[in-house]
Amino acid sequence: MKRDIDYFNGMSTKDLLNRFMQKLYSKTEFIQYNDPDDFFDPEQEYGNHITQCIAEERDFIRELIRSTSAEAGTILTEERIEVMVQQKREEINKMTGSAIEDYIEKISVTYIDPIPECRQKYLAFQWLCRFWKFIKSLFTK
């Protein structure tokens, strides 16, 4: 007699979604220290955070399936586990709707411009300072 195993240990898709959203909203402010000559893309910063949250949620689901199957004495192949993880992530994505877009609207990016060491009164000194920084960077890499 084969019994059905709850591979998610009683956690519903809604529970997993709530866990994901809590992790996502754990960081809503991004601070960027930038040189005025550097280009900063804020989408990269919060995009990395979103990607990291999704990866952590996938790892959590994967570990949940592994531990529950081990407790039940069932051996699952890695391929089967990945299929189950993907199915659960798709269910979560359907429930997410516009939640990620809502999150993006609520984040803030603060730019802090440190005083560059090459800010000099005379243009020639600025160029000399930047050239010196360039030369130093060649030898420190």
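Scroll up a little and you will see the structure.
Student: When you look at the packing of aromatic side chains in this model, what are you seeing that I'm missing?
Tutor: Geometrically, a pair of aromatic rings is defined through the distance of the ring centres and the angle of the planes. Applying the stated criterion to the full structure yields 1 aromatic pair. Ring centres of Y25 and Y103 lie 5.2 Å apart, and the angle between their planes is 80°; on these two criteria the pair is classed as edge-to-face. Taken together, the positions of Y25 in the loop between α1 (13-24) and β1 (29-33) and Y103 in helix α4 (residues 99-106) put the pair 78 residues apart, joining distant regions of the chain. The side chain of R19 reaches across the aromatic face of F60, ending 3.6 Å from its centre. Between the NZ or CZ atom of K88 and the centre of the ring of F8, over which it lies, the distance is 4.3 Å.

Student: What is the right way to look at the pattern of salt bridges in this model?
Tutor: Pairing between side chains of opposite charge can happen when the charged atoms of each approach one another. One pass over the full model with this rule turns up 6 salt bridges. Between E56 and K23 there is a salt bridge whose closest N-O contact spans 3.2 Å. Taken together, the residues span a long stretch of sequence, with E56 in helix α2 (residues 42-72) and K23 in helix α1 at a distance of 33 residues. A relative accessible area of 36% places K23 in the partly exposed class. R66 is the partner of E78 in a salt bridge, and the nearest nitrogen-oxygen pair spans 2.6 Å. Residue E78 is found in helix α3 (residues 78-96), and its partner R66 is found in helix α2; the two are separated by 12 residues along the sequence.

Student: Explain the side chain of H49 to me, please; I cannot follow it from the model alone.
Tutor: Note on placement: H49 falls in helix α2. The class for H49 is buried, based on a relative accessible area of 9%. Discounting residues that sit within four places of it in the chain, H49 has contacts with K23, L24, S26, K27, F30 and Y103.

Student: Please clarify how a nonpolar patch on the surface should be interpreted in this entry.
Tutor: Residues Y122, F125, L128, F131, F134, L138 and F139 make up a contiguous nonpolar surface patch of roughly 850 Å² in combined accessible area. The exposure class assigned to F125 is partly exposed, which follows from its relative accessible area of 47%.

Each value, and the rule that gives it
Residues numbered from 1 in each chain as written. Predicted model: local features only at pLDDT ≥ 70, side-chain atom pairs only at ≥ 80, totals over all residues. Heavy atoms only, no water. Phe/Tyr/Trp six-rings, centres within 6.5 Å; stacked < 30°, edge-to-face > 60°. Helix = DSSP H or I, 4+ residues; strand = E, 2+ residues; numbered from the N terminus. Lys NZ or Arg CZ within 6 Å of the ring centre and 35° of its normal. Salt bridge = Lys/Arg side-chain N within 4 Å of Asp/Glu carboxyl O. Buried < 20%, exposed > 50% of the residue type's maximum accessible area, 1.4 Å probe, protein only. Contact = heavy atoms within 4.5 Å. Patch = residues over 30% accessible without salt bridge, like charges linked within 9 Å, V, L, I, M, F, W, Y side chains within 5 Å. Areas by Shrake-Rupley, 256 points an atom, 1.4 Å probe, with all protein chains shown as cover.

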